[in-house]
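Close look at the chain arrangement
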Amino acid sequence: MSRPAVRIAPSILSCDLGRLAAEVRAVEEAGADWIHVDVMDGHFVPNLTFGPSVVEVVRRATRLPVDVHLMIDDPDRSVADYVKAGATTVGVHAETCRHLHRSVARIRELGSRASVALNPATPPEAVEYVLEDVDQVLVMTVNPGFGGQAFIPGQLRKIERIRRWIDERELAVDLEVDGGIAPGTAKLVAGAGADVLVAGTAIFGAPDYRAAIGALRAEAFSTTSGG
């Protein structure tokens, strides 16, 4: 099964939230493929961010897929709210789901794509036995909770292993990577097998969004194309 082209998903965690809709439209016009929304509850991770109302704003502002990453305790209680708000994909953490198969099945039943996220210290085996039941796996290459952190190189081995499982089983599962993605690391994760790159500061902290997205895409393409 051939891999799709690498997609770039700007994370609104790093945007000017006072201009949220305008920022979302700006990165869409600049060539973004998805919009990534990090939801944090102040318990599972040491920060508090967005709720379903913010996802609704993002959904109204763009035609792009809205990729929602739930970094929250007991996500099963909230999944329906984010699906209703307009999430194309809802991601839950393997670390927070007691019955992971049930959680991803519920997301799909509600009409969204199901994603499972792994913290840096969580082994890839945590997602191995649900690969046939998900649409996406998200590998965190920083410890979640804050934007702008440094990339953890040891996560490349995890990306490579999950990529191998997906390819060996010929699954239509996206492999997404989030954390410290910028020029220099984009080529590393794309080379390891990622096909969706989440970037916050590298895009929203740049003076030219189109140039920033283009630089990440070009770097990833040069790696996956053998250039």
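Before any of the text, the structure's been laid out above.
Residues numbered from 1 in each chain as written. Predicted model: local features only at pLDDT ≥ 70, side-chain atom pairs only at ≥ 80, totals over all residues. Heavy atoms only, no water.

**Thoughts on the pairing of strand β7 (residues 174-178)**
Of all five residues in β7, five are buried; the element is thus mostly enclosed. The side-chain alternation of β7 yields two buried faces, one formed by Asp174, Glu176 and Asp178 and the other by Leu175 and Val177. By the bridge criterion, five bridges tie strand β6 (residues 136-140) to β7 in an arrangement that is parallel. Among the inter-strand pairings, Leu138 is bridged to a residue of β7, identified as Glu176. In this sheet, strand β8 (residues 196-199) lies alongside β7 in parallel orientation, the contact comprising three bridges. Across the sheet, Asp178 pairs through a bridge with Val198, a residue of β8. You can see the chain leave β7, run along helix α7 (residues 186-192) and come back into β8, and the turn it takes is right-handed. (Buried < 20%, exposed > 50% of the residue type's maximum accessible area, 1.4 Å probe, protein only. Helix = DSSP H or I, 4+ residues; strand = E, 2+ residues; numbered from the N terminus. Pairing = 2+ DSSP bridges. Right-handed = clockwise from strand over helix to strand, strands pointing away.)

**Description of helix α2 (residues 52-61)**
Counting along an α-helix, one turn takes 3.6 residues, and residues three or four places apart therefore face a common direction. Those residues of α2 that fall on the buried side of the exposure criterion are Val54, Val55, Val58 and Ala61. Burial along α2 is one-sided: seen end-on, the buried residues are contained in an arc of 125°. Buried-residue contacts for α2 involve α1 (20-29), β2 (35-40), β3 (66-71) and α3 (79-85). (Arc of directions from axis to C-beta. Contact = heavy atoms within 4.5 Å.)

**A short note on the packing of α1 against α2**
Axes are the key here: two packed helices are described by the angle between their axes and the distance separating the axes. Running from amino to carboxyl end, α1 crosses α2 at an angle of 45°, the nearest separation of the two axes being 9 Å. Overall, the two elements α1 and α2 adopt an arrangement that is oblique. Judged by the twist between their axes, the crossing of α1 over α2 is right-handed. Where α1 abuts α2, its residues Leu20, Ala21, Val24, Arg25 and Glu28 lie against Val54, Val57, Val58 and Ala61. (Axes fitted to C-alpha atoms, helices over the stretch in contact; angles between N-to-C directions. Parallel < 35°, antiparallel > 145°, perpendicular 65-115°, else oblique. Left-handed = near helix turned anticlockwise from the far one by under 90°.)

**Quick word on the sheet that holds strand β1 (residues 7-10)**
Taken in spatial order, the eight strands line up as β1-β8-β7-β6-β5-β4-β3-β2 in an open sheet, and their pairing is parallel. With one partner strand each, in any of the chains shown, β1 and β2 form the two edges of the open sheet. Strand-to-strand twist of the sheet, defined as the mean angle between neighbouring strand axes without regard to direction, takes the value 25°. For strand β4 (residues 89-93) and strand β5 (residues 113-118), the ladder comprises five bridges, and the chain directions are parallel.

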